[in-house]
Amino acid sequence: MNLPFIDTIWTVRGSLALIPPRTSAETFAALDDQFQADGTRTAIDGDTLTFRKKDPRAQDKMAIYRSGTLTVEQGQTTSRLVYAMNSGTLLFCFALPFFFVAVALLLKDAKTSGLVFAGIFAALYIAGRILEPWLIRKAFTKRLNGEAEAPDTAPVAARDPGAPLQQSAHHA
Amino acid sequence: MNGVRVGKRVIGADSPVTVGWDNLPKVEGGPFKRMFFTYFQPAVLLALVLFWMYAPDSIAKASTAIGIGIGFKVLLYILEWVNPRYKSWSLTWKELVVDLFYVAIAYTLIRYLGKNFGSDVWAEHILKSFDTEKFTWFTSMPLLVQAFLITLFADICYYWMHRGMHNWYPLWLSHSVHHYITQLNINKGQIGNPTEIFLIGLGIGGFFDFLPRAALLAGSLGMSISIYQHANIRFNTPRWWLFLFNTTEHHSVHHSLDYEASRSNYCNTYIFLDRIFGTCVDGEAELLGMEGGRRMSIPEQMTYTFTEGYKSSKAFLQRRLHPAAVPAE
Ligand SMILES: [Zn+2]
């Protein structure tokens, strides 16, 4: 059976243009603080950074992720960061509605409460699947491009029209 | 770190703890905000007591109590967001998922087990053998007195159970998981190894079902005092409230990374029990948890009690059977 998109349930993917273009070493140096956290191990091999996290702290900005890779792709005059990260929490939350529907069906005393919690976790999953990729993209963008948004998401008009592109990127 | 002497003990030698009411931070903001967060706790208590004393029977039902409980929790979530005690305790999506998972387990599986195999069952059996007429001395007292005595009796049981959990290793194995939480939110009371809920949560509730109104009043009395203990809300808690009742200030001391501080404030509702039994520390703490604040995953929370219990009983047997064969650590 072919299920090409099934890992979208627990995988967060994305890419952002690096402004100004950077080498992989520069990029990973700028992201270093992001991975300075208890229980986090990283390894850099050429243009790819791999990380693995175990029991991250509650306030760790990447607490939902278990592992992932970040790759810097170089174009002619541009460069971009491509990432794919696995989240045990997303998978867990995705499974919870099924679990509590089963509880509601099997335990006669827990019919209403089981269904209510199944609904709550389904809503929480959707919220988390949207919120967490947005938060991590924002965090990466802030570390790499300063306050300015990466151009493939932000409208050009949002940038200060008087400032040259290069300067606004270093700003912040 | 030096710590502060409280009675015979030194509090805050391993990890910072604020000791003393005068050292607690105050609510910042305009006069309305300060007034709101000063009188919120007493006002809710008063409103609920009046409601359960005077509401007609058609409204004063268990289902109303559940509805009020849920609505009140939602309100407290908003207050945590509006006026947090500590930024470092902020609710994240992951914390919310994990917290609600435990809440959901409590409302479904644990409740089911309690109903069919727990205190509800044996309470019913014991109560059947009693003559309800023997309780007229109790049921003829004013409703509020009945409710207070129920909560007081429940809290004395809770106090000694909880203190026992901190002092007897087999019980500590069950309770310690709850002490690995590193931040407080209103749902954190549910987090722990499921064995603990049988020891502490299913205690004596079933015994009071024959006193419907008094039990409902007792339930909301207990809730409107003890629900705040895990809340990440900055209050200007009035002095008399701090003196009588368990608060998030007291309970954060109990969850502190500091070992001595964690061996205080054992009550669930009435902190004056800790004052009477000599275990009260007035203050608050921000850094919480065990083992330097290591965070446990859900699988570890579920299994820790059993794996640690197995490891230590194995080591104990080895020491007993082959004292020479075990290398000194
Ligand atoms: Zn405790």
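Data block above holds the structure.
Computed from a prediction, not measured in an experiment: that's the story for all the values here.

## Focus: the overall build of chain B
Thought 1: Summing up its helical and strand segments, chain B has 14 helices and four strands in all.
Thought 2: When burial is assessed residue by residue, chain B has 47% of its 329 residues classed as buried.
Thought 3: By element, 66% of the accessible surface of chain B is carried by carbon and sulfur atoms, the whole surface being about 16,100 Å².

## Things to note about the interface of chain B and chain A
Thought 1: In this assembly, 30 residues from chain B lie in contact with 29 residues from chain A.
Thought 2: Interface area, chain B with chain A, both sides summed: about 2,300 Å², of which 72% is carbon and sulfur.
Thought 3: It is B:Trp93, B:Lys94 and B:Thr108 in chain B that bury the most area against chain A; as a group they hold 31% of the surface buried on that side.
Thought 4: For the interface between chain B and chain A, the tally reads one salt bridge.

## Considering the sheet that holds strand 4 (residues 65-74) of chain A
Residues and elements named next belong to chain A.
Thought 1: Strand order in the open sheet formed by five strands is 1-5-4-3-2, with antiparallel pairing between adjacent strands. Two strands in the sheet have a free side with no partner beyond their single neighbour: strand 1 (11-17) and strand 2 (40-45). The mean inter-strand angle of the sheet, taken between neighbouring strand axes irrespective of direction, is 15°.
Thought 2: Bridge analysis of strand 4 against strand 5 (residues 79-87) gives nine bridges, and the strand direction is antiparallel. By the bridge assignment, Val72 is partnered in strand 5 with Leu81.

## Thoughts on helix 1 (residues 31-54) of chain B
Residues and elements named next belong to chain B.
Thought 1: Between its first and last C-alpha atoms helix 1 spans 33 Å; for 24 residues at 1.5 Å apiece the expected length is 34 Å, and the two agree.
Thought 2: Of all bends in helix 1, the biggest is about 50°, found at Tyr39, and the proline Pro42 comes one to four residues later.
Thought 3: Turning to helix 1, its buried residues are Phe37, Thr38, Phe40, Gln41, Pro42, Val44, Leu45, Leu48, Val49 and Trp52.
Thought 4: Looking at the packing, one finds that the buried side of helix 1 touches helix 2 (62-82), helix 6 (143-167), helix 9 (212-226) and helix 10 (239-244).

## What to know about empty space enclosed by the protein
Empty space among the atoms becomes visible once a probe the size of a water molecule is rolled across them.
Residues and elements named next belong to chain B.
Thought 1: Summed over all chains, the structure comprises one cavity of 30 Å³ or more.
Thought 2: Taken as a whole, the largest cavity encloses approximately 90 Å³ of empty space.
Thought 3: For the lining of the largest cavity, the element with the highest residue contribution is helix 3 (residues 93-117), accounting for three residues.
Thought 4: The residue inventory of the lining of the largest cavity, partitioned by class, reads five nonpolar, two polar and four charged.

## Structural notes on the environment of B:Ile225
Thought 1: Inspection of the secondary structure puts B:Ile225 in helix 9.
Thought 2: Residue B:Ile225 is classed as buried on the basis of its relative accessible area, which comes to 1%.

## Observations regarding the packing of helix 1 of chain B against helix 2 of chain B
Residue and element names in this part refer to chain B.
Thought 1: Packing of helix 1 against helix 2 leaves a shortest axis separation of 14 Å and a crossing angle of 175°. Here helix 1 lies roughly antiparallel to helix 2, going by the angle between them. Contacts between helix 1 and helix 2 involve Phe36, Phe37, Phe40, Val44, Leu48, Phe51 and Trp52 from the first element and Thr64, Ala65, Ile68, Phe72, Leu75, Leu76, Leu79 and Val82 from the second.
Thought 2: Of the residues belonging to the contact of helix 1 with helix 2, the class tally is 14 nonpolar, one polar and no charged.

## Some words on the coordination of the zinc ion
Residues and elements named next belong to chain B.
Thought 1: In this structure, His162 (NE2), His166 (NE2), His175 (NE2), His179 (NE2) and His254 (NE2) serve as the protein donors to the zinc ion, at separations of 2.1 to 2.2 Å.
Thought 2: Written as a sequence motif, the donor residues of the zinc ion are H-x3-H-x8-H-x3-H-x74-H. You can see His166 sitting in helix 6 and its partner His254 sitting in helix 11 (residues 248-254), a full 88 residues away along the chain. We note that His166, like His254, is buried.

Cut-offs used in this document
Residues numbered from 1 in each chain as written. Chains lettered and ligands numbered in written order. Predicted model: local features only at pLDDT ≥ 70, side-chain atom pairs only at ≥ 80, totals over all residues. Heavy atoms only, no water. Helix = DSSP H or I, 4+ residues; strand = E, 2+ residues; numbered from the N terminus. Buried < 20%, exposed > 50% of the residue type's maximum accessible area, 1.4 Å probe, protein only. Areas by Shrake-Rupley, 256 points an atom, 1.4 Å probe, with all protein chains shown as cover. Contact = heavy atoms within 4.5 Å. Buried area = accessible area lost by both parts, 1.4 Å probe. Salt bridge = Lys/Arg side-chain N within 4 Å of Asp/Glu carboxyl O. Pairing = 2+ DSSP bridges. Axes fitted to C-alpha atoms, helices over the stretch in contact; angles between N-to-C directions. Expected span 1.5 Å × (residues − 1). Bend = angle between axes of the 7 residues up to and from the residue. 1 Å grid on protein atoms, 1.4 Å probe; cavity = no way out; pocket = protein on both sides within 12 Å on 5 of 7 lines; lining within 4 Å. Points joined across faces, edges and corners; volume = space filled by probe spheres on them. Nonpolar A, V, L, I, M, F, W, Y, C, P; charged D, E, K, R; others polar. Parallel < 35°, antiparallel > 145°, perpendicular 65-115°, else oblique. Donors = N, O, S within 2.8 Å, 3.2 Å for Na, K, Ca; no water.

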